[in-house]
Number of protein chains: 2
Amino acid sequence: MIGMHAVLNGALISAAEATVPVTDRAVQYGFSTYESIRVVGGHPVHLSDHLLRLQKSCEGIGLVHPFSSAQIERWVGALIAADAISDATIRIQLYGGDHPMLFILASAMLTYPEQYYRDGVGATTYRGERLIPSCKTGNLLLNYMALADANRRGNFEALLVDRHGHILEGTRSNFFAFRDGVLYTARDGEVLLGITREQVIRAAAKLSIPVVYEAVQVEDLFAGLYDELFISATSMAAMPLSRVDGMSFLGSYRRTLAIKDLVRSWEMGEGQ
Amino acid sequence: MIGMHAVLNGALISAAEATVPVTDRAVQYGFSTYESIRVVGGHPVHLSDHLLRLQKSCEGIGLVHPFSSAQIERWVGALIAADAISDATIRIQLYGGDHPMLFILASAMLTYPEQYYRDGVGATTYRGERLIPSCKTGNLLLNYMALADANRRGNFEALLVDRHGHILEGTRSNFFAFRDGVLYTARDGEVLLGITREQVIRAAAKLSIPVVYEAVQVEDLFAGLYDELFISATSMAAMPLSRVDGMSFLGSYRRTLAIKDLVRSWEMGEGQ
(Lines give C-alpha, C1' and ligand atoms only; values in the text may rest on other atoms or scores of the structure.)
Protein backbone atom coordinates (compact mmCIF):
# COMPACT_ATOMS: atom_id res chain seq x y z
CA MET A 1 0.00 0.00 0.00
CA ILE A 2 1.25 3.49 -0.93
CA GLY A 3 2.73 5.30 2.05
CA MET A 4 3.34 2.25 4.25
CA HIS A 5 7.09 2.40 3.82
CA ALA A 6 9.80 4.89 2.95
CA VAL A 7 13.49 4.51 2.23
CA LEU A 8 16.25 6.21 4.24
CA ASN A 9 19.78 5.89 2.86
CA GLY A 10 18.83 2.62 1.23
CA ALA A 11 17.08 1.06 4.20
CA LEU A 12 13.37 0.35 4.09
CA ILE A 13 11.69 2.07 7.05
CA SER A 14 8.09 2.64 8.05
CA ALA A 15 6.81 5.93 6.62
CA ALA A 16 6.18 7.21 10.16
CA GLU A 17 9.92 7.02 10.78
CA ALA A 18 10.64 9.44 7.93
CA THR A 19 11.52 12.32 10.22
CA VAL A 20 14.50 14.62 10.66
CA PRO A 21 15.88 16.21 13.83
CA VAL A 22 14.94 19.88 14.20
CA THR A 23 18.53 20.43 15.33
CA ASP A 24 20.01 19.23 12.03
CA ARG A 25 21.73 22.18 10.36
CA ALA A 26 20.89 21.04 6.81
CA VAL A 27 17.23 20.90 7.83
CA GLN A 28 17.34 24.33 9.49
CA TYR A 29 19.09 25.94 6.49
CA GLY A 30 17.18 24.15 3.72
CA PHE A 31 20.49 22.70 2.52
CA SER A 32 18.61 20.07 0.55
CA THR A 33 17.55 19.01 -2.93
CA TYR A 34 14.52 17.06 -4.11
CA GLU A 35 12.66 15.53 -7.03
CA SER A 36 9.02 14.57 -7.62
CA ILE A 37 8.43 11.62 -9.91
CA ARG A 38 5.27 10.11 -11.35
CA VAL A 39 4.88 6.37 -11.08
CA VAL A 40 2.54 4.99 -13.75
CA GLY A 41 1.72 1.31 -13.83
CA GLY A 42 4.59 0.61 -11.45
CA HIS A 43 7.05 2.47 -13.69
CA PRO A 44 8.79 5.65 -12.44
CA VAL A 45 8.53 7.97 -15.45
CA HIS A 46 11.73 9.66 -16.71
CA LEU A 47 13.53 8.42 -13.60
CA SER A 48 17.01 8.73 -15.06
CA ASP A 49 16.29 12.35 -16.09
CA HIS A 50 15.12 13.11 -12.54
CA LEU A 51 18.20 11.50 -11.02
CA LEU A 52 20.46 13.45 -13.36
CA ARG A 53 18.75 16.69 -12.36
CA LEU A 54 18.99 15.74 -8.67
CA GLN A 55 22.73 15.34 -9.13
CA LYS A 56 22.96 18.70 -10.94
CA SER A 57 21.00 20.37 -8.14
CA CYS A 58 23.46 18.92 -5.61
CA GLU A 59 26.44 20.11 -7.63
CA GLY A 60 24.88 23.55 -7.99
CA ILE A 61 24.73 24.12 -4.24
CA GLY A 62 27.80 22.09 -3.25
CA LEU A 63 25.83 19.29 -1.61
CA VAL A 64 28.19 16.32 -1.42
CA HIS A 65 26.66 12.90 -0.82
CA PRO A 66 27.68 9.28 -1.32
CA PHE A 67 24.60 8.03 -3.20
CA SER A 68 24.94 7.01 -6.84
CA SER A 69 22.09 7.32 -9.33
CA ALA A 70 22.20 3.54 -9.82
CA GLN A 71 21.73 3.03 -6.07
CA ILE A 72 18.87 5.51 -5.84
CA GLU A 73 17.21 3.87 -8.85
CA ARG A 74 17.36 0.51 -7.08
CA TRP A 75 15.93 2.00 -3.89
CA VAL A 76 13.02 3.56 -5.81
CA GLY A 77 12.36 0.12 -7.29
CA ALA A 78 12.54 -1.48 -3.85
CA LEU A 79 9.94 0.94 -2.46
CA ILE A 80 7.62 0.35 -5.43
CA ALA A 81 7.94 -3.40 -4.83
CA ALA A 82 7.59 -3.23 -1.03
CA ASP A 83 4.34 -1.26 -1.18
CA ALA A 84 3.08 -2.86 -4.41
CA ILE A 85 2.76 0.59 -5.97
CA SER A 86 1.02 1.02 -9.30
CA ASP A 87 0.31 4.76 -9.62
CA ALA A 88 1.86 7.25 -7.20
CA THR A 89 3.96 10.35 -6.79
CA ILE A 90 7.40 9.61 -5.41
CA ARG A 91 9.49 12.26 -3.72
CA ILE A 92 13.23 12.02 -3.28
CA GLN A 93 14.36 14.37 -0.53
CA LEU A 94 18.09 14.70 0.08
CA TYR A 95 19.61 16.63 3.00
CA GLY A 96 23.31 17.52 2.92
CA GLY A 97 25.87 18.20 5.63
CA ASP A 98 28.12 15.83 7.55
CA HIS A 99 25.57 13.03 7.55
CA PRO A 100 23.58 13.17 4.31
CA MET A 101 20.06 11.75 4.52
CA LEU A 102 18.27 10.59 1.39
CA PHE A 103 14.58 9.85 1.79
CA ILE A 104 12.31 8.25 -0.78
CA LEU A 105 8.62 8.75 -0.05
CA ALA A 106 5.52 7.69 -1.95
CA SER A 107 2.08 9.24 -1.81
CA ALA A 108 -1.14 9.06 -3.80
CA MET A 109 -0.51 10.25 -7.34
CA LEU A 110 -1.00 14.00 -7.61
CA THR A 111 -3.65 14.55 -10.27
CA TYR A 112 -6.07 17.33 -11.18
CA PRO A 113 -9.73 17.25 -12.26
CA GLU A 114 -10.38 16.99 -15.99
CA GLN A 115 -12.28 20.24 -15.66
CA TYR A 116 -9.01 22.10 -14.96
CA TYR A 117 -7.77 21.08 -18.41
CA ARG A 118 -11.06 21.91 -20.12
CA ASP A 119 -11.69 25.27 -18.45
CA GLY A 120 -8.14 26.29 -17.59
CA VAL A 121 -6.94 27.52 -14.19
CA GLY A 122 -6.19 30.98 -12.86
CA ALA A 123 -2.79 32.42 -12.03
CA THR A 124 -1.50 35.54 -10.34
CA THR A 125 1.82 37.32 -10.80
CA TYR A 126 4.29 37.69 -7.94
CA ARG A 127 7.52 39.67 -7.90
CA GLY A 128 10.56 37.72 -6.79
CA GLU A 129 13.57 35.75 -7.97
CA ARG A 130 14.70 32.29 -6.94
CA LEU A 131 18.24 32.08 -5.58
CA ILE A 132 19.68 29.45 -7.94
CA PRO A 133 17.02 28.98 -10.62
CA SER A 134 18.44 25.80 -12.15
CA CYS A 135 18.48 23.87 -8.85
CA LYS A 136 15.57 22.21 -7.04
CA THR A 137 16.44 22.99 -3.42
CA GLY A 138 14.80 23.48 -0.03
CA ASN A 139 15.16 27.27 -0.43
CA LEU A 140 11.48 27.61 -1.24
CA LEU A 141 10.06 30.38 0.91
CA LEU A 142 9.42 32.60 -2.14
CA ASN A 143 7.51 29.78 -3.82
CA TYR A 144 5.53 29.09 -0.65
CA MET A 145 4.56 32.74 -0.16
CA ALA A 146 3.75 33.34 -3.82
CA LEU A 147 1.52 30.27 -4.01
CA ALA A 148 -0.18 31.08 -0.70
CA ASP A 149 -0.95 34.55 -2.09
CA ALA A 150 -2.36 33.02 -5.30
CA ASN A 151 -4.48 30.48 -3.40
CA ARG A 152 -5.83 33.17 -1.09
CA ARG A 153 -7.07 35.00 -4.16
CA GLY A 154 -8.68 31.86 -5.56
CA ASN A 155 -5.96 31.01 -8.07
CA PHE A 156 -4.16 27.79 -8.88
CA GLU A 157 -0.63 29.06 -9.45
CA ALA A 158 1.56 32.13 -9.09
CA LEU A 159 3.88 33.26 -11.89
CA LEU A 160 7.20 34.65 -10.66
CA VAL A 161 8.21 37.94 -12.27
CA ASP A 162 11.83 39.08 -12.05
CA ARG A 163 13.27 42.59 -11.62
CA HIS A 164 13.19 43.10 -15.40
CA GLY A 165 9.48 42.30 -15.65
CA HIS A 166 10.08 38.86 -17.14
CA ILE A 167 7.63 36.08 -16.29
CA LEU A 168 10.11 33.27 -15.67
CA GLU A 169 8.20 30.33 -14.21
CA GLY A 170 5.48 29.25 -11.80
CA THR A 171 6.08 28.25 -8.18
CA ARG A 172 5.95 24.57 -9.15
CA SER A 173 5.78 24.75 -12.93
CA ASN A 174 7.36 26.19 -16.07
CA PHE A 175 5.52 28.83 -18.07
CA PHE A 176 4.70 28.90 -21.80
CA ALA A 177 2.83 31.40 -23.98
CA PHE A 178 1.75 31.48 -27.63
CA ARG A 179 2.21 34.61 -29.74
CA ASP A 180 1.53 34.62 -33.48
CA GLY A 181 1.72 30.83 -33.54
CA VAL A 182 5.11 30.74 -31.82
CA LEU A 183 5.59 29.20 -28.34
CA TYR A 184 7.66 31.31 -25.93
CA THR A 185 9.37 30.14 -22.75
CA ALA A 186 12.23 31.49 -20.64
CA ARG A 187 15.85 30.62 -21.41
CA ASP A 188 17.51 27.60 -19.79
CA GLY A 189 19.71 29.51 -17.34
CA GLU A 190 16.81 31.55 -15.93
CA VAL A 191 14.46 28.79 -14.77
CA LEU A 192 14.23 25.29 -13.41
CA LEU A 193 15.02 22.87 -16.21
CA GLY A 194 11.76 20.98 -15.95
CA ILE A 195 11.73 17.37 -17.07
CA THR A 196 8.22 18.00 -18.39
CA ARG A 197 9.38 21.31 -19.93
CA GLU A 198 11.71 19.23 -22.10
CA GLN A 199 8.83 16.96 -23.09
CA VAL A 200 6.65 19.97 -23.89
CA ILE A 201 9.33 21.33 -26.21
CA ARG A 202 9.67 17.91 -27.83
CA ALA A 203 5.87 17.78 -28.29
CA ALA A 204 5.86 21.28 -29.80
CA ALA A 205 8.45 20.13 -32.35
CA LYS A 206 6.33 17.10 -33.15
CA LEU A 207 3.34 19.40 -33.70
CA SER A 208 5.44 21.78 -35.87
CA ILE A 209 5.08 24.61 -33.35
CA PRO A 210 8.18 26.82 -33.35
CA VAL A 211 9.65 27.43 -29.87
CA VAL A 212 11.52 30.60 -28.92
CA TYR A 213 13.53 30.78 -25.71
CA GLU A 214 12.67 34.26 -24.60
CA ALA A 215 10.89 35.14 -21.37
CA VAL A 216 7.50 36.83 -21.70
CA GLN A 217 7.43 40.46 -20.57
CA VAL A 218 4.57 40.92 -18.13
CA GLU A 219 3.45 44.19 -19.79
CA ASP A 220 3.34 42.47 -23.20
CA LEU A 221 1.11 39.79 -21.70
CA PHE A 222 -1.31 42.40 -20.38
CA ALA A 223 -1.11 44.32 -23.67
CA GLY A 224 -2.71 41.30 -25.31
CA LEU A 225 0.25 40.11 -27.38
CA TYR A 226 -0.19 36.47 -26.27
CA ASP A 227 -3.30 34.39 -26.95
CA GLU A 228 -2.82 31.03 -25.18
CA LEU A 229 -0.87 30.29 -21.99
CA PHE A 230 -0.04 27.17 -20.05
CA ILE A 231 2.14 25.85 -17.28
CA SER A 232 3.97 22.53 -17.22
CA ALA A 233 4.98 20.20 -14.41
CA THR A 234 5.38 16.50 -13.76
CA SER A 235 1.93 16.37 -12.16
CA MET A 236 0.21 18.58 -14.74
CA ALA A 237 1.89 17.82 -18.06
CA ALA A 238 0.53 21.02 -19.73
CA MET A 239 -2.22 22.91 -17.89
CA PRO A 240 -3.99 25.82 -19.64
CA LEU A 241 -4.30 29.19 -17.90
CA SER A 242 -7.71 30.83 -18.19
CA ARG A 243 -6.60 34.10 -16.61
CA VAL A 244 -3.62 35.96 -15.18
CA ASP A 245 -4.44 38.53 -12.50
CA GLY A 246 -7.41 40.40 -13.97
CA MET A 247 -6.90 39.38 -17.59
CA SER A 248 -8.82 36.57 -19.27
CA PHE A 249 -7.22 34.05 -21.62
CA LEU A 250 -10.25 31.84 -22.17
CA GLY A 251 -10.22 29.64 -25.25
CA SER A 252 -10.35 26.10 -26.52
CA TYR A 253 -6.71 25.52 -25.46
CA ARG A 254 -6.40 23.36 -28.56
CA ARG A 255 -2.61 23.57 -28.84
CA THR A 256 -2.02 23.20 -25.08
CA LEU A 257 -4.16 20.09 -24.87
CA ALA A 258 -2.51 18.57 -27.95
CA ILE A 259 0.85 19.05 -26.24
CA LYS A 260 -0.50 17.64 -22.98
CA ASP A 261 -1.88 14.53 -24.72
CA LEU A 262 1.44 13.87 -26.48
CA VAL A 263 3.45 14.29 -23.25
CA ARG A 264 1.17 11.90 -21.39
CA SER A 265 1.18 9.37 -24.23
CA TRP A 266 4.98 9.22 -24.11
CA GLU A 267 4.84 8.46 -20.37
CA MET A 268 2.64 5.49 -21.12
CA GLY A 269 4.88 4.37 -23.93
CA GLU A 270 7.91 4.54 -21.67
CA GLY A 271 6.16 2.37 -19.14
CA GLN A 272 5.40 -0.39 -21.61
CA MET B 1 21.21 18.85 32.15
CA ILE B 2 21.24 20.94 28.94
CA GLY B 3 19.76 19.05 26.01
CA MET B 4 17.79 16.44 27.99
CA HIS B 5 14.45 18.00 27.16
CA ALA B 6 12.86 20.19 24.55
CA VAL B 7 9.45 21.85 24.30
CA LEU B 8 6.96 21.23 21.52
CA ASN B 9 3.86 23.45 21.49
CA GLY B 10 4.14 23.86 25.23
CA ALA B 11 4.68 20.22 26.13
CA LEU B 12 7.95 19.06 27.62
CA ILE B 13 9.37 16.26 25.45
CA SER B 14 12.66 14.42 25.40
CA ALA B 15 15.14 16.17 23.09
CA ALA B 16 15.33 13.04 20.92
CA GLU B 17 11.65 13.52 20.09
CA ALA B 18 12.32 16.97 18.59
CA THR B 19 11.85 15.81 15.02
CA VAL B 20 9.66 16.84 12.11
CA PRO B 21 8.15 14.72 9.33
CA VAL B 22 10.02 14.97 6.03
CA THR B 23 6.59 15.13 4.39
CA ASP B 24 5.58 18.31 6.22
CA ARG B 25 5.20 21.08 3.65
CA ALA B 26 6.41 23.84 5.99
CA VAL B 27 9.57 21.79 6.60
CA GLN B 28 10.10 21.15 2.88
CA TYR B 29 9.60 24.80 1.96
CA GLY B 30 11.44 26.37 4.88
CA PHE B 31 8.21 28.09 5.91
CA SER B 32 9.62 28.72 9.37
CA THR B 33 11.05 31.35 11.67
CA TYR B 34 13.55 31.09 14.51
CA GLU B 35 15.46 32.86 17.25
CA SER B 36 18.69 32.11 19.11
CA ILE B 37 18.88 33.33 22.68
CA ARG B 38 21.69 33.37 25.24
CA VAL B 39 20.90 32.09 28.68
CA VAL B 40 23.27 33.54 31.30
CA GLY B 41 22.96 32.45 34.92
CA GLY B 42 19.57 30.92 34.17
CA HIS B 43 18.31 34.17 32.62
CA PRO B 44 17.34 34.33 28.93
CA VAL B 45 18.93 37.59 27.78
CA HIS B 46 16.72 40.10 25.92
CA LEU B 47 14.00 37.45 25.69
CA SER B 48 11.17 39.91 25.10
CA ASP B 49 13.12 41.52 22.24
CA HIS B 50 13.66 38.09 20.68
CA LEU B 51 9.99 37.19 21.00
CA LEU B 52 8.96 40.50 19.47
CA ARG B 53 11.30 39.85 16.52
CA LEU B 54 9.98 36.29 16.17
CA GLN B 55 6.50 37.73 15.87
CA LYS B 56 7.67 40.28 13.29
CA SER B 57 9.36 37.52 11.28
CA CYS B 58 6.11 35.55 11.30
CA GLU B 59 4.12 38.59 10.20
CA GLY B 60 6.65 39.32 7.47
CA ILE B 61 6.14 35.94 5.79
CA GLY B 62 2.48 35.43 6.68
CA LEU B 63 3.13 32.64 9.18
CA VAL B 64 0.03 32.44 11.36
CA HIS B 65 0.32 30.58 14.68
CA PRO B 66 -1.58 30.45 17.95
CA PHE B 67 1.33 30.98 20.36
CA SER B 68 1.49 34.20 22.38
CA SER B 69 4.78 35.74 23.50
CA ALA B 70 3.68 35.28 27.11
CA GLN B 71 3.16 31.56 26.51
CA ILE B 72 6.50 31.13 24.77
CA GLU B 73 8.20 33.01 27.58
CA ARG B 74 6.70 30.61 30.12
CA TRP B 75 7.79 27.60 28.06
CA VAL B 76 11.35 28.91 27.85
CA GLY B 77 11.29 29.24 31.63
CA ALA B 78 9.91 25.72 31.98
CA LEU B 79 12.74 24.27 29.87
CA ILE B 80 15.36 26.20 31.86
CA ALA B 81 13.83 24.82 35.06
CA ALA B 82 13.40 21.24 33.80
CA ASP B 83 17.02 20.91 32.73
CA ALA B 84 18.42 23.13 35.51
CA ILE B 85 20.08 25.33 32.87
CA SER B 86 22.55 28.00 33.90
CA ASP B 87 24.38 28.98 30.70
CA ALA B 88 23.13 27.83 27.31
CA THR B 89 22.00 28.84 23.85
CA ILE B 90 18.27 28.39 23.35
CA ARG B 91 16.75 28.09 19.90
CA ILE B 92 13.09 28.72 19.18
CA GLN B 93 12.15 27.07 15.89
CA LEU B 94 8.63 27.67 14.58
CA TYR B 95 7.15 25.91 11.55
CA GLY B 96 4.00 27.29 9.93
CA GLY B 97 1.23 25.70 7.91
CA ASP B 98 -1.97 24.00 9.00
CA HIS B 99 -0.42 22.56 12.16
CA PRO B 100 2.16 25.01 13.47
CA MET B 101 4.96 23.44 15.49
CA LEU B 102 6.97 25.52 17.93
CA PHE B 103 10.10 23.88 19.30
CA ILE B 104 12.30 25.21 22.09
CA LEU B 105 15.71 23.57 22.19
CA ALA B 106 18.71 24.15 24.45
CA SER B 107 22.34 23.42 23.71
CA ALA B 108 25.70 24.26 25.23
CA MET B 109 26.24 28.00 25.09
CA LEU B 110 27.85 29.03 21.82
CA THR B 111 31.06 30.85 22.74
CA TYR B 112 34.32 31.68 20.96
CA PRO B 113 37.92 31.58 22.18
CA GLU B 114 39.28 34.79 23.75
CA GLN B 115 41.94 34.71 21.03
CA TYR B 116 39.28 35.48 18.40
CA TYR B 117 38.57 38.78 20.16
CA ARG B 118 42.27 39.60 20.65
CA ASP B 119 43.47 38.69 17.15
CA GLY B 120 40.28 39.17 15.15
CA VAL B 121 38.79 36.69 12.70
CA GLY B 122 38.82 36.51 8.90
CA ALA B 123 35.88 37.10 6.58
CA THR B 124 35.25 36.69 2.88
CA THR B 125 32.79 38.50 0.66
CA TYR B 126 29.96 36.70 -1.12
CA ARG B 127 27.53 38.09 -3.68
CA GLY B 128 23.89 37.46 -2.89
CA GLU B 129 20.78 38.95 -1.36
CA ARG B 130 18.49 37.50 1.27
CA LEU B 131 14.83 37.23 0.28
CA ILE B 132 13.23 39.19 3.14
CA PRO B 133 16.14 40.77 4.98
CA SER B 134 14.22 41.81 8.08
CA CYS B 135 12.90 38.30 8.83
CA LYS B 136 14.72 35.36 10.44
CA THR B 137 13.36 32.46 8.39
CA GLY B 138 14.29 28.98 7.21
CA ASN B 139 15.14 30.39 3.76
CA LEU B 140 18.86 30.13 4.51
CA LEU B 141 20.52 28.42 1.57
CA LEU B 142 22.44 31.58 0.63
CA ASN B 143 23.75 31.87 4.18
CA TYR B 144 24.71 28.20 4.25
CA MET B 145 26.57 28.37 0.93
CA ALA B 146 28.30 31.66 1.72
CA LEU B 147 29.50 30.42 5.11
CA ALA B 148 30.62 27.06 3.68
CA ASP B 149 32.66 28.97 1.09
CA ALA B 150 34.21 31.14 3.81
CA ASN B 151 35.03 28.15 6.03
CA ARG B 152 36.57 26.28 3.11
CA ARG B 153 38.95 29.19 2.67
CA GLY B 154 39.79 29.28 6.37
CA ASN B 155 37.56 32.16 7.33
CA PHE B 156 35.12 32.65 10.17
CA GLU B 157 32.34 34.52 8.40
CA ALA B 158 31.12 35.59 4.96
CA LEU B 159 29.89 39.13 4.30
CA LEU B 160 26.95 39.31 1.91
CA VAL B 161 27.34 41.90 -0.85
CA ASP B 162 24.24 43.03 -2.76
CA ARG B 163 23.86 43.90 -6.47
CA HIS B 164 24.90 47.51 -5.73
CA GLY B 165 28.17 46.45 -4.10
CA HIS B 166 26.93 47.18 -0.58
CA ILE B 167 28.20 45.01 2.25
CA LEU B 168 24.94 44.46 4.12
CA GLU B 169 25.54 41.82 6.79
CA GLY B 170 27.23 38.54 7.61
CA THR B 171 25.58 35.13 7.28
CA ARG B 172 24.84 35.09 11.02
CA SER B 173 25.86 38.57 12.07
CA ASN B 174 25.50 42.29 11.39
CA PHE B 175 28.43 44.25 9.97
CA PHE B 176 30.03 47.47 11.25
CA ALA B 177 32.98 49.54 10.03
CA PHE B 178 34.81 52.63 11.35
CA ARG B 179 35.76 55.49 9.00
CA ASP B 180 37.21 58.74 10.33
CA GLY B 181 35.93 57.93 13.82
CA VAL B 182 32.38 57.28 12.60
CA LEU B 183 30.72 53.86 12.82
CA TYR B 184 28.88 52.75 9.67
CA THR B 185 26.25 50.02 9.39
CA ALA B 186 23.51 49.24 6.85
CA ARG B 187 20.07 50.80 7.11
CA ASP B 188 17.28 49.08 9.03
CA GLY B 189 15.28 47.90 6.01
CA GLU B 190 18.27 46.24 4.33
CA VAL B 191 19.37 43.80 7.03
CA LEU B 192 18.27 41.62 9.88
CA LEU B 193 17.43 43.86 12.83
CA GLY B 194 19.85 42.21 15.20
CA ILE B 195 19.06 42.35 18.89
CA THR B 196 22.79 42.68 19.49
CA ARG B 197 23.02 45.26 16.66
CA GLU B 198 20.71 47.45 18.76
CA GLN B 199 22.93 46.96 21.79
CA VAL B 200 26.03 47.80 19.73
CA ILE B 201 24.43 51.06 18.61
CA ARG B 202 23.48 51.81 22.22
CA ALA B 203 27.07 51.09 23.31
CA ALA B 204 28.45 53.35 20.56
CA ALA B 205 26.25 56.18 21.86
CA LYS B 206 27.50 55.56 25.38
CA LEU B 207 31.10 55.75 24.07
CA SER B 208 30.30 58.96 22.10
CA ILE B 209 30.92 57.23 18.76
CA PRO B 210 28.69 58.67 16.03
CA VAL B 211 26.76 56.04 14.06
CA VAL B 212 25.75 56.48 10.41
CA TYR B 213 23.20 54.14 8.82
CA GLU B 214 24.81 53.70 5.44
CA ALA B 215 26.01 50.40 4.00
CA VAL B 216 29.74 50.14 3.29
CA GLN B 217 30.62 49.95 -0.42
CA VAL B 218 32.89 46.97 -0.96
CA GLU B 219 35.25 49.00 -3.23
CA ASP B 220 35.59 51.68 -0.54
CA LEU B 221 36.54 48.99 1.94
CA PHE B 222 39.27 47.69 -0.34
CA ALA B 223 40.36 51.25 -1.14
CA GLY B 224 41.35 51.56 2.53
CA LEU B 225 38.69 54.06 3.62
CA TYR B 226 37.79 52.02 6.73
CA ASP B 227 40.21 51.22 9.54
CA GLU B 228 38.38 48.92 11.99
CA LEU B 229 35.66 46.36 11.26
CA PHE B 230 33.54 44.05 13.34
CA ILE B 231 30.51 41.80 13.21
CA SER B 232 27.83 41.47 15.87
CA ALA B 233 25.58 38.61 16.92
CA THR B 234 23.99 37.20 20.05
CA SER B 235 26.81 34.68 20.42
CA MET B 236 29.63 37.11 19.55
CA ALA B 237 28.56 40.49 20.94
CA ALA B 238 31.13 42.42 18.80
CA MET B 239 33.83 40.36 17.08
CA PRO B 240 36.72 42.16 15.34
CA LEU B 241 37.62 41.29 11.73
CA SER B 242 41.35 40.95 11.06
CA ARG B 243 40.94 40.62 7.29
CA VAL B 244 38.38 40.62 4.49
CA ASP B 245 39.33 38.54 1.46
CA GLY B 246 42.98 39.47 0.82
CA MET B 247 43.01 42.71 2.79
CA SER B 248 44.31 43.03 6.34
CA PHE B 249 42.59 45.06 9.05
CA LEU B 250 44.87 44.15 11.94
CA GLY B 251 44.88 46.47 14.91
CA SER B 252 44.23 46.73 18.61
CA TYR B 253 40.45 46.69 18.04
CA ARG B 254 40.20 49.12 20.95
CA ARG B 255 36.80 50.54 19.98
CA THR B 256 35.31 47.15 19.03
CA LEU B 257 36.35 45.57 22.31
CA ALA B 258 35.04 48.51 24.32
CA ILE B 259 31.67 48.05 22.60
CA LYS B 260 31.78 44.30 23.19
CA ASP B 261 32.54 44.74 26.90
CA LEU B 262 29.66 47.18 27.33
CA VAL B 263 27.20 44.89 25.49
CA ARG B 264 28.21 41.93 27.63
CA SER B 265 28.05 43.93 30.85
CA TRP B 266 24.46 44.89 30.12
CA GLU B 267 23.55 41.20 29.69
CA MET B 268 24.87 40.52 33.16
CA GLY B 269 23.09 43.52 34.56
CA GLU B 270 19.81 42.35 33.06
CA GLY B 271 20.24 38.97 34.67
CA GLN B 272 20.74 40.34 38.14
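Located above this text is the structure these notes cover.
Parameters at a glance
- Residues numbered from 1 in each chain as written.
- Chains lettered and ligands numbered in written order.
- Predicted model: local features only at pLDDT ≥ 70, side-chain atom pairs only at ≥ 80, totals over all residues.
- Heavy atoms only, no water.
- Pairing = 2+ DSSP bridges.
- Helix = DSSP H or I, 4+ residues; strand = E, 2+ residues; numbered from the N terminus.
- Contact = heavy atoms within 4.5 Å.
- Axes fitted to C-alpha atoms, helices over the stretch in contact; angles between N-to-C directions.
- Salt bridge = Lys/Arg side-chain N within 4 Å of Asp/Glu carboxyl O.
- Buried < 20%, exposed > 50% of the residue type's maximum accessible area, 1.4 Å probe, protein only.
- Polar contact = N/O pair within 3.5 Å; in protein donor to acceptor, adjacent residues only side chain to side chain.
- Phe/Tyr/Trp six-rings, centres within 6.5 Å; stacked < 30°, edge-to-face > 60°.
- Lys NZ or Arg CZ within 6 Å of the ring centre and 35° of its normal.

Visitor: Mind laying out the sheet that holds strand S1 (residues 5–8) of chain A, listing which residues take part and the relevant values?
Guide: Residue and element names in this part refer to chain A. In space, the six strands of this open sheet follow the order S2-S1-S7-S6-S4-S5, with antiparallel pairing throughout. At either margin of the open sheet sits one strand with a lone partner, and together these are strand S2 (11–14) and strand S5 (43–44). As judged from the four bridges shared by S1 and S2, these two strands associate in the antiparallel manner. In the strand pairing of S2, Ala-6 is matched with Ile-13. Along the sheet, helix H2 (residues 47–61) makes contact with strand S4 (32–40), S5 and strand S6 (88–95), crossing S4 at roughly 175°. Of the strands in this sheet, S1, S2, S4, S5, S6 and strand S7 (101–107) are in contact with helix H3 (residues 69–82), which crosses S7 at around 35°.

Visitor: Tell me what's going on with the pattern of salt bridges, and back it up with residues and numbers.
Guide: Residue and element names in this part refer to chain B. This structure, assessed with the given rule, holds 32 salt bridges over all chains. In this structure, Arg-163 engages Glu-129 in a salt bridge whose closest nitrogen and oxygen atoms are separated by 2.8 Å. Of the two residues, Arg-163 is situated in the loop between strand S9 (157–161) and strand S10 (166–170) and Glu-129 in the loop between strand S8 (121–127) and helix H5 (141–152); the sequence distance between them amounts to 34 residues. Residue Arg-163 is classed as partly exposed on the basis of its relative accessible area of 45%.

Visitor: Got a sec to walk through the environment of Asn-155 of chain A? Specific residues and values, please.
Guide: Residue and element names in this part refer to chain A. Of note, Asn-155 is situated in the loop between helix H5 (141–152) and strand S9 (157–161). Separated by 93 residues in the primary sequence, Asn-155 and Gly-62 place their C-alpha atoms 35 Å from one another. Dropping the residues within four chain positions of it, Asn-155 is found in contact with Gly-122, Ala-123, Thr-124, Ala-150 and Arg-243. Polar contacts involving the side chain of Asn-155 include one to the main-chain amide nitrogen of Ala-123, which spans 3.2 Å.

Visitor: Can you break down the packing of aromatic side chains residue by residue, with the values?
Guide: The full count for this structure, using the stated rule, is 19 aromatic pairs over all chains. The interplanar angle of 20° and the centroid separation of 6.2 Å between the aromatic rings of Tyr-112 of chain B and Tyr-116 of chain B together place this pair among those described as stacked. By relative accessible area, Tyr-116 of chain B is classed as partly exposed at 28%. Feature note: the residues Tyr-29 and Phe-31 of chain A together with Tyr-144 of chain B constitute an aromatic cluster, connected by ring pairs. Geometry around Phe-156 of chain A places Arg-172 of chain A over its ring, the cationic atom sitting 4.6 Å from the centre.

In short, the description is geometric, and any link to function would need to be established separately.
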